[in-house]
Amino acid sequence: MKRTLCFAAAALFAAGAPAQETTLRLVSAFPENQFYVKRTVEWIEKVNKEGKGTLQINFIGGPKAIPTFEVGKAVQSGVVDIGLSTGAFYTNVMPEADILKLAETSAAEQRKNGGYELINKIWAEKANMRYLAKVVDFTPFHLYLNRKIDKPDLTGLKIRITPVYREFFQSMNAQVMTTAPGEVYTALERGVIDGYGWPIHALFDLNWQEKTKYRVDPGFYNAEVGLIMNLDKYKALPAKARQFLDREALAYEKQNDFWKKYNQEEAQRQAKAGIQTISFDAATSKAYVEKANEIGWQNATKASPQWAPQLKKVLAR
Ligand code: 173
């Protein structure tokens, strides 16, 4: 009897602690048919395969489960564990979130220059969040239009925005309207808007090419899409599961070079679909991008006098 017990104890010890598998719920602020979500679902499949006995992720769905601009709050409060979102979608939790669009350094560089730690310090303090990884990088935003312009003047035009574009487009006299991605197609179809801000890619995911005549070049800012997690849940993970999640999130982030080639292909695909480019002369183009940046940082500093200057040190070049 004694020997059997001893044996059982030894076997337990050898196998480590009893299996303790954690399952996390993930929701996407982007529509389910968007490419970001497909990539994330593939990542989840890999995590679930490698994480058996340690960590599993359950994909709950997109904005039909939780509306785009509510995902941040759901992560903050722990209604869901992880969100796939962008800072512009959760400025209702923390205005700092939208500052990430101003990054000129890459996520890889931010891992090295203290940016990742700073972001996590701020996200923890202000939003009860852990910023797991940035999964879109090297991606400019553009202004897309259905009416031709010959200079950066949007007087009389109604443009769909998120906080990413608000002050910049307003500075060109646009009339702006905040809309979640899932509602832009209908707005275009009904002629409610004359254009919209959006990255260089992922237009086709939502069929917007059908309703888009022009893309204005150059692009500006740098689209940020990240995995954010409820901080209490993150801290409560068994160490093994937390390390596994950190590793898997980093592996996802490390795929970001993918976007460089993809974005070139997407620009070609837009041309083939008949989307014409509107370009300005060199001086006007330069001023356009500079103005975007200037307004971006001005607004960032106004929204967060405490953190914007520190973020600038790790995000700007
Ligand atoms: O335009 C948007 O909806 C937006 O803000 C965004 C941000 C990052 C990636 C894609 C879209």
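Small disclaimer: the values here were computed from a predicted structure and weren't measured.

### Re the overall build of the protein
On a plain count of helices and strands, the protein comes out with 12 helices and 11 strands. By the compact-globule yardstick of 20 Å for 317 residues, the protein fits well, its C-alpha radius of gyration being 22 Å. For the protein, the spread of C-alpha atoms along the principal axes amounts to about 90 × 40 × 30 Å. Counting the 317 residues in the protein, one finds 52% classified as buried. Across the protein, contacts joining residues at least 24 apart in sequence account for 78% of those joining residues at least 6 apart. In the structure as shown, the protein presents an accessible area of about 14700 Å², 53% of it carried by carbon and sulfur atoms.

### Comments concerning the side chain of Asn263
Assignment of secondary structure puts Asn263 in helix H10 (residues 258-272). Classification of Asn263 as buried rests on a relative accessible area of 7%. Once you skip the residues sitting within four places of it in the chain, Asn263 turns out to touch Phe138, Thr139, Pro140, Ile200 and His201.

### Quick notes on the sheet that holds strand E6 (residues 158-161)
Judged by pairing direction, the sheet is mixed, and its 6 strands sit side by side in the order E7-E6-E8-E5-E9-E11 without closing on themselves. Either end of the sheet is taken by a strand with one partner, and the two such strands are strand E7 (175-178) and strand E11 (276-278). Across the sheet, the mean angle from the axis of one strand to that of its neighbour is 30°, orientation sign disregarded. Alignment of E6 against strand E8 (residues 195-199), held across 2 bridges, turns out to be parallel. Following the sheet pairing, Ile159 is matched in E8 by Gly195.

### Focus: the site of the ligand
The full set close to the ligand counts 16 residues, and Arg160, Thr162, Tyr165, Trp198 and Pro199 are the nearest of them. Contact distances for the ligand include 2.8 Å between an oxygen atom and a side-chain N or O atom of Thr162. Tyr165 has a polar side-chain atom sitting 2.5 Å from an oxygen atom of the ligand. In isolation the ligand offers 300 Å² of accessible surface; the protein chains occlude 100% of this area.

### Concerning the domain arrangement of the protein
Here the protein is described as being made up of domain 1 (19-139 + 223-260) and domain 2 (141-220 + 269-315). On a C-alpha basis, the centres of domain 1 and domain 2 stand 25 Å from each other. Taken residue by residue, the interface counts 34 residues in domain 1 and 29 residues in domain 2. The largest share of the area that domain 1 buries against domain 2 comes from Ile99, Leu102 and Leu118, three residues that together contribute 22% of it. Remark: the boundary between domain 1 and domain 2 carries 9 residue pairs in polar contact (both at pLDDT 80 or more). At the level of secondary structure, the elements contributing two or more residues to the side of domain 1 that touches domain 2 comprise helix H2 (35-50) and helix H5 (115-127). At 7 residues, H5 tops the list of elements feeding residues into the side of domain 1 that touches domain 2. Counted by class, the side of domain 1 that touches domain 2 contains 17 nonpolar, 10 polar and 7 charged residues.

### Digging into the pattern of salt bridges
Should the charged atoms of two oppositely charged side chains come close, the side chains can pair. Inspection of the entire model under this criterion finds 15 salt bridges. Among the ionic pairs, Arg147 bridges to Asp194, the shortest N-O distance being 3.4 Å. Here Arg147 is found in the loop between strand E5 (141-145) and E6, whereas its partner Asp194 is found in the loop between helix H7 (184-189) and E8, with 47 residues between them in sequence. Judged by its relative accessible area of 13%, Asp194 falls in the buried class. Where Lys286 meets Glu290, a salt bridge forms, and the shortest distance between an N and an O atom there is 3.3 Å. Linking Lys286 with Glu290, this pair stays in helix H11 (residues 282-303), spanning 4 residues, or about one helical turn. According to the relative accessible area criterion, Glu290 is partly exposed, its value standing at 42%.

### Things to note about the packing of H2 against helix H9 (residues 239-253)
One can describe the packing of H2 onto H9 by two numbers: an axis separation of 11 Å at closest approach and a directional angle of 140°. As for how H2 packs across H9, the hand of that crossing is right-handed. From H2, Tyr36, Arg39, Thr40, Trp43, Lys46, Val47 and Glu50 reach across to H9, where they touch Phe244, Leu245, Glu248, Ala249, Ala251 and Tyr252. Considered class by class, the residues forming the contact of H2 with H9 number 8 nonpolar, 1 polar and 4 charged.

### What about the side chain of Ser304?
The topology assignment puts Ser304 in the loop between H11 and helix H12 (308-315). Given a relative accessible area of 2%, Ser304 falls into the buried group. Setting aside residues no more than four positions away along its own chain, Ser304 makes contact with Glu96, Ile99 and Pro309.

### Topic: the environment of Gln209
Relative to the helices and strands, Gln209 is located in the loop between E8 and strand E9 (214-220). Residue Gln209 is classed as buried on the basis of its relative accessible area, which comes to 18%. Separated by 183 residues in sequence, Gln209 and Leu26 have C-alpha atoms that sit 29 Å apart. Setting aside anything within four residues of it in sequence, one finds Gln209 in contact with Leu203, Phe204, Ala273 and Ile275.

About the cut-offs
Residues numbered from 1 in each chain as written. Predicted model: local features only at pLDDT ≥ 70, side-chain atom pairs only at ≥ 80, totals over all residues. Heavy atoms only, no water. Helix = DSSP H or I, 4+ residues; strand = E, 2+ residues; numbered from the N terminus. Rg over C-alpha atoms; globule rule 2.2 N^0.38 Å. Buried < 20%, exposed > 50% of the residue type's maximum accessible area, 1.4 Å probe, protein only. Contact = heavy atoms within 4.5 Å. Areas by Shrake-Rupley, 256 points an atom, 1.4 Å probe, with all protein chains shown as cover. Pairing = 2+ DSSP bridges. Axes fitted to C-alpha atoms, helices over the stretch in contact; angles between N-to-C directions. Near = heavy atom within 4 Å. Polar contact = N/O pair within 3.5 Å; in protein donor to acceptor, adjacent residues only side chain to side chain. Domains from an automatic or database assignment. Buried area = accessible area lost by both parts, 1.4 Å probe. Nonpolar A, V, L, I, M, F, W, Y, C, P; charged D, E, K, R; others polar. Salt bridge = Lys/Arg side-chain N within 4 Å of Asp/Glu carboxyl O. Left-handed = near helix turned anticlockwise from the far one by under 90°.

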